[in-house]
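# Residue-level structure breakdown
As a plain string of letters, each chain reads:
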Number of protein chains: 2
Amino acid sequence: MREIFEAELKQVGDDLAEMSRLVETAVGKAGQALLTADLQLAQQVIAADHTIDALENELDERCVYLLAQQAPVATDLRVVVSALRMSATLERMGDLARHIAQVARGRYPSHAIEPSLHRTFEQMSDAAVRVARRTTTLLTTRDLTVASNIERDDDLLDHLHQDTFVAMLDGTWSATTQETVDVTLVARYYERFGDHGVSIAKRVTYLVTGDFADDRAVPSGTAGATA
Amino acid sequence: MREIFEAELKQVGDDLAEMSRLVETAVGKAGQALLTADLQLAQQVIAADHTIDALENELDERCVYLLAQQAPVATDLRVVVSALRMSATLERMGDLARHIAQVARGRYPSHAIEPSLHRTFEQMSDAAVRVARRTTTLLTTRDLTVASNIERDDDLLDHLHQDTFVAMLDGTWSATTQETVDVTLVARYYERFGDHGVSIAKRVTYLVTGDFADDRAVPSGTAGATA
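Keep in mind the model is a prediction, meaning the values are calculated, not measured.

## Some details on the relation of the copies chain B and chain A
When chain B is brought onto chain A, the operation consists of a screw motion whose angular component is 180° and whose axial shift is 0.0 Å, with 0.0 Å RMSD remaining. Both copies of the chain, as the preceding transformation shows, are related through a two-fold rotation axis. Relative to the rotation axis, the closest C-alpha in chain B is found at B:Ala71, a distance of 2.6 Å. Of all interface residues in chain B, 100% are interface residues in chain A too; the two copies therefore contact each other through one and the same surface.

## Things to note about the confidence of the model for chain A
In the predicted model, chain A carries a mean pLDDT of 92, and 92% of its residues have values of at least 70. Across residues 215-227 of chain A, where pLDDT falls below 50, the model places 46 contacts with residues more than four positions away in sequence or in other chains.

## A word on the nonpolar core
Counting 145 residues, the largest nonpolar core has A:Leu34, A:Phe121, A:Tyr190, B:Leu34, B:Phe121 and B:Tyr190 as the members making the most contacts within it. In this structure A:Leu34 touches A:Ile100, A:Val103, A:Ala104, A:Ala112, A:Ile113, A:Phe121, A:Val186 and A:Tyr190, once residues within four positions along its chain are discounted.

## Description of the UniProt feature "domain: PhoU" (unreviewed entry) in chain A
All names here are of chain A. Per the UniProt record, the feature "domain: PhoU" (unreviewed entry) sits at residues 16-103 and 122-204. Annotated as 94% helix and 0% strand, the span residues 16-103 places its first and last C-alpha atoms 27 Å apart. The annotated region residues 122-204 carries 89% helix and 0% strand content, and the separation between its end C-alpha atoms amounts to 28 Å.

## Topic: the interface of chain B and chain A
It is common to give the size of an interface as the accessible area that goes away when the parts come together. The interface of chain B with chain A comprises 47 residues on the first partner and 48 residues on the second. Carbon and sulfur atoms supply 56% of the area that chain B and chain A bury against each other, a total of about 4000 Å² over both sides. Summed over the shared surface of chain B and chain A, the number is 6 salt bridges. Note that B:Glu61 and A:Arg78 form a salt bridge whose closest N and O atoms lie 3.2 Å from each other. Listing elements by their share of the side of chain B that touches chain A, those giving two or more residues are helix H2 (39-70), helix H3 (74-107), helix H5 (144-169), helix H6 (177-209) and helix H7 (223-226) of chain B. At 15 residues, H3(B) tops the list of elements feeding residues into the side of chain B that touches chain A. Across the side of chain B that touches chain A, the residue classes break down as 19 nonpolar, 14 polar and 14 charged.

About the criteria used
- Residues numbered from 1 in each chain as written.
- Chains lettered and ligands numbered in written order.
- Predicted model: local features only at pLDDT ≥ 70, side-chain atom pairs only at ≥ 80, totals over all residues.
- Heavy atoms only, no water.
- Least-squares fit on C-alpha atoms with pLDDT ≥ 70 in both.
- Contact = heavy atoms within 4.5 Å.
- pLDDT = per-residue confidence, 0-100.
- Core = buried A, V, L, I, M, F, W, Y, C linked by side-chain atoms within 4.5 Å.
- Buried < 20%, exposed > 50% of the residue type's maximum accessible area, 1.4 Å probe, protein only.
- UniProt positions renumbered as here; feature names shortened; annotations may be inferred.
- Helix = DSSP H or I, 4+ residues; strand = E, 2+ residues; numbered from the N terminus.
- Buried area = accessible area lost by both parts, 1.4 Å probe.
- Salt bridge = Lys/Arg side-chain N within 4 Å of Asp/Glu carboxyl O.
- Nonpolar A, V, L, I, M, F, W, Y, C, P; charged D, E, K, R; others polar.

As structure tokens, this is what we get:
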């Protein structure tokens, strides 16, 4: 019984890492599609999102099956419940990558991002890819130094998000309304992406240490709203 | 044993309904704060959000305890797992109400919403309040006619969201960049609020009928991005 449980639990962990890998690919390609106005790449991200969704469904079914068949308690139970939560978070990160790709596709053959903010969004894209890559590493190794690196990149994403508001609102902004809308939305997608990474980092930290820093204390993109 | 389980399960249902009631109050007040530039009301919504967060934590702990102590199977298990999911969704709906209130607070004493879109946001606010109120009713009664009404209001929110893009991009828009940013973000908050309501409607429908229309098929606010 225990061996079956261990094998099932390992599969849950493998599925989470696989979702995270797909999210990493998606957000990397989405950023590239956005910054280079690459329609084909944007289409790829949009088309691949259903794989992430399907994996979430599978993973959830496996978790419910595990709960029903094995009735885990204590740490094992927390692992399964956390997996249910983390799969939803990863699925949402995949959606955000898809949204970024959809902006790129919607503006093609134009560039969605106004030239003066190209570098800012390049940095956002890089930070988001690191968040996703480290999430995979964290899920695979449970090395908590990786968790703090995720938080650092989330801070960077928050700062870059703020930078977009400063650029738009400092009085020199002369972009079109469409560009303003796109910058506002895409910056928010990246900022939320970082929040979700931190949410997973905190869950894994809790599973390892038993100490749960409340992920609801994470700022979630209201800075622009209050700017 | 069964009586204890039933009592605990009832408490889970009561907590979800209570969360939903708080979300209804929050989103109603947030909309009023936004449309009337009412700082005090905005502050109330922002301050009250931690109550929703605390209720989510309590509810999650109760669910984990239930899983550990009672090892439910079949429908009972699905109810508990769904409650874990729905509490996260309601918590997120509370966050969105708070974000709307933060925009109102950030612009005070000005109005955040440009006059020509006042009526559109009034309709969004009304639809969001109905979504929240019906979510409470659905959680309390499991009357599935309410679920389809939630989907109808979500469709309305999607249309109103689209209307904001049409207004901003039809060539006659002369608002400030700050107003463009605010309309873009607040309209997205409302649109996501509707999605979350539909996600709960689909979960309850599944619990009642066993038929789960995949809530990931719900459009999630990319319309503006692709417009």
